[in-house]
Amino acid sequence: MIAPHPERLGRFINQLSAILDQLPADQQGEILSRSAPLMAELVREDDWLDATFAEPHPQHYQQYLLYLDPEARFSVVSFVWGPGQETPIHDHGVWGLIGILRGAEQSRSFSVDNSGQLVAGDCVELRPGEVETLSPLDGDIHQVRNLFSDRVSVSIHVYGADIGKTERRVFLADGSEKLFISGYANVPVTQPRSRH
Ligand code: FE2
């Protein structure tokens, strides 16, 4: 089941759709700078996300599809972290927006040096109401974890594609890369998937 659209989420979807109607898809910087305030408004109040889409899983984090643009120009996902859960190091390959609704996330960026080695970069902590933007043009390799080991955190992610069907990369400890397709926790799987 995909989420119904409570008023706050509906307004966000309409406003982001209007921005994407106006801007070519390759103007990622402009898309992000104009949509970040919309995300800040969306996560300003934690009063709209149906509990169905904030349900943690005991073993791994969950990604629930809340909305998919009819032309797949963007997807809106609730990311639900159980205590201590984290992603592998991964990228998106498309523009992304993250807004914290509940709890807190820690996000660390990575880059690849001239010899192909992953290099850890800055680490930021994001609290409720805070927004982070990601663009592959600036490098979007990162790893995210629930800042808390004793409670659930929830963030809202927006990606410039149907992210559950988008092939992207995970970076392993031995320096190798692997392609993956994440799917969504609430959308039937039609192909093998891994959770990132
Ligand atoms: Fe990510």
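The structure presented is a predicted model; accordingly, all values stated were derived computationally and were not measured. (Residues numbered from 1 in each chain as written. Predicted model: local features only at pLDDT ≥ 70, side-chain atom pairs only at ≥ 80, totals over all residues. Heavy atoms only, no water.)

Points about the coordination of the iron ion
We apply this condition: The rule for donors is simple: N, O or S, within 2.8 Å of the metal, or within 3.2 Å if the metal is Na, K or Ca. Water isn't counted, so a site may look like it is missing partners. A run of H or I in DSSP becomes a helix once it reaches four residues, and a run of E becomes a strand once it reaches two; helices and strands are each numbered from the N terminus. Relative accessibility decides the category of a residue: with a 1.4 Å probe and only protein chains considered, values under 20% of the type maximum give buried, values over 50% give exposed, and everything between is partly exposed.
In the first shell of the iron ion, the protein supplies His90 (NE2), His92 (NE2) and His142 (NE2), at 2.1 to 2.2 Å from the metal. Counting along the primary sequence, the residues that act as donors to the iron ion give the motif H-x1-H-x49-H. Of the two residues, His92 sits in the loop between β3 (89-90) and β4 (96-102) while His142 sits in strand β8 (residues 141-146), which places them 50 residues apart along the sequence. His142 carries the same exposure label as His92, and that label is buried.

Some words on the pairing of strand β9 (residues 153-159)
We count it as follows: A pair of strands is labelled paired if DSSP reports no fewer than 2 bridges between them.
Across the seven residues of β9, seven count as buried, placing the element largely inside the fold. Residues Ser153, Ser155, His157 and Tyr159 of β9 are buried on one face, and the alternating residues Val154, Ile156 and Val158, pointing to the opposite face, are buried as well. Examined bridge by bridge, strand β2 (residues 75-81) and β9 share seven bridges and lie antiparallel to one another. Looking across to β9, one finds that Ser78 is bridged to Ile156. Relative to β9, β4 is paired through six bridges, and the arrangement is antiparallel.

Overview of empty space enclosed by the protein
To find leftover empty space, one rolls a probe the size of a water molecule over the atoms. We count it as follows: Space inside and on the surface of the protein is sampled on a 1 Å grid over the protein atoms alone, with a cavity defined as a set of points where a 1.4 Å probe fits but cannot get out and a pocket as an open set with protein on both sides within 12 Å along at least 5 of 7 lines; lining residues have an atom within 4 Å of a point. Grid points are joined across faces, edges and corners, and a volume is the space filled by probe spheres set on the points. In the scheme used here, Gly and all other residues not listed as nonpolar or charged are polar, with Ala, Val, Leu, Ile, Met, Phe, Trp, Tyr, Cys and Pro taken as nonpolar and Asp, Glu, Lys and Arg as charged.
Scanning all chains against the criterion turns up three cavities of 30 Å³ or more. Size it by volume and the second largest cavity reaches roughly 40 Å³. Phe79, Trp81, Thr87, His90, His92, Ile98, His142, Val144, His157 and Tyr159 are the residues that line the second largest cavity. Of all the elements in the fold, those that place two or more residues in the lining of the second largest cavity are β2, β8 and β9. When grouped by side-chain class, the residues that make up the lining of the second largest cavity number five nonpolar, five polar and no charged.

Considering the pattern of salt bridges
Our working definition: A pairing counts as a salt bridge when a side-chain nitrogen of Lys or Arg comes within 4 Å of a carboxyl oxygen of Asp or Glu.
Following the criterion strictly, the structure yields eleven salt bridges and no others. A salt bridge links Asp21 to Arg73; the nearest nitrogen and oxygen atoms lie 2.8 Å apart. Of this pair, Asp21 sits in helix α1 (residues 7-22) while Arg73 sits in the loop between β1 (62-68) and β2, and the two are 52 residues apart along the sequence. Since its relative accessible area comes to 21%, Arg73 is described here as partly exposed. Here Arg151 makes a salt bridge to Asp150, at a shortest N to O gap of 3.7 Å. Residue classification places Arg151 among the partly exposed positions, given a relative accessible area of 43%. By relative accessible area, which is 58% here, Asp150 ends up exposed. Overlapping salt bridges bring together Asp21, Asp69 and Arg73 as one network.

As for unusual backbone geometry
With phi around 60°, Ala72 is a residue other than glycine that occupies positive phi space. Position of Ala72 among the secondary structure elements: in the loop between β1 and β2.

Some words on the sheet that holds β2
For clarity, the cut-off: For helices, the fitted line uses only the C-alpha atoms of the stretch in contact; every axis is such a line through C-alpha atoms, and the angle between N-to-C directions lies from 0 to 180 degrees.
Strand order in the open sheet formed by five strands is β1-β2-β9-β4-β7, and the pairing between neighbours is antiparallel. Strand pairing shows two members of the sheet lacking a second neighbour, β1 and β7 (131-134), which therefore form its edges. In this sheet, adjacent strand axes meet at a mean angle of 20° when their direction is disregarded.

Focus: the environment of Asp162
Inclusion rule: Nitrogen and oxygen atoms within 3.5 Å of one another constitute a polar contact, given that in protein one can donate a hydrogen and the other can accept it, and given that sequence-neighbouring residues count only through two side-chain atoms.
Turning to its location among the elements, Asp162 is positioned in the loop between β9 and β10 (168-171). Since its relative accessible area comes to 10%, Asp162 is described here as buried. In this structure the side chain of Asp162 is engaged in a polar contact, spanning 2.5 Å, whose partner is the side chain of Tyr184.

Things to note about the nonpolar core
For clarity, the cut-off: The definition of a nonpolar core used throughout is a set of buried Ala, Val, Leu, Ile, Met, Phe, Trp, Tyr and Cys residues joined through side-chain atoms within 4.5 Å.
Core analysis: the largest hydrophobic core is formed by 30 residues, its most contacted members being Phe12, Phe74, Val76, Trp95, Ile156 and Val158. For this core, the secondary-structure elements that each account for two or more residues are α1, α2 (28-42), β1, β2, β4 and β9. Core analysis: the second largest hydrophobic core is formed by eleven residues, Tyr61, Trp81, Val144 and Tyr184 among them.

Considering the packing of α1 against α2
How we decide: If an angle is under 35 degrees, it is roughly parallel; if it is over 145, roughly antiparallel; if it lies from 65 to 115, roughly perpendicular; otherwise it is oblique. For this analysis, residues touch if any pair of their heavy atoms sits within 4.5 Å.
Running from N to C, α1 and α2 cross one another at 175°; their axes reach a closest spacing of 10 Å. As the angle between them shows, α1 and α2 are arranged roughly antiparallel. Two secondary-structure elements touch here, α1 through Arg8, Leu9, Arg11, Phe12, Gln15, Leu16, Ile19, Leu20 and Gln22 and α2 through Ile31, Arg34, Ser35, Leu38, Met39, Glu41 and Leu42. For the contact of α1 with α2, the class distribution of residues is nine nonpolar, three polar and four charged.

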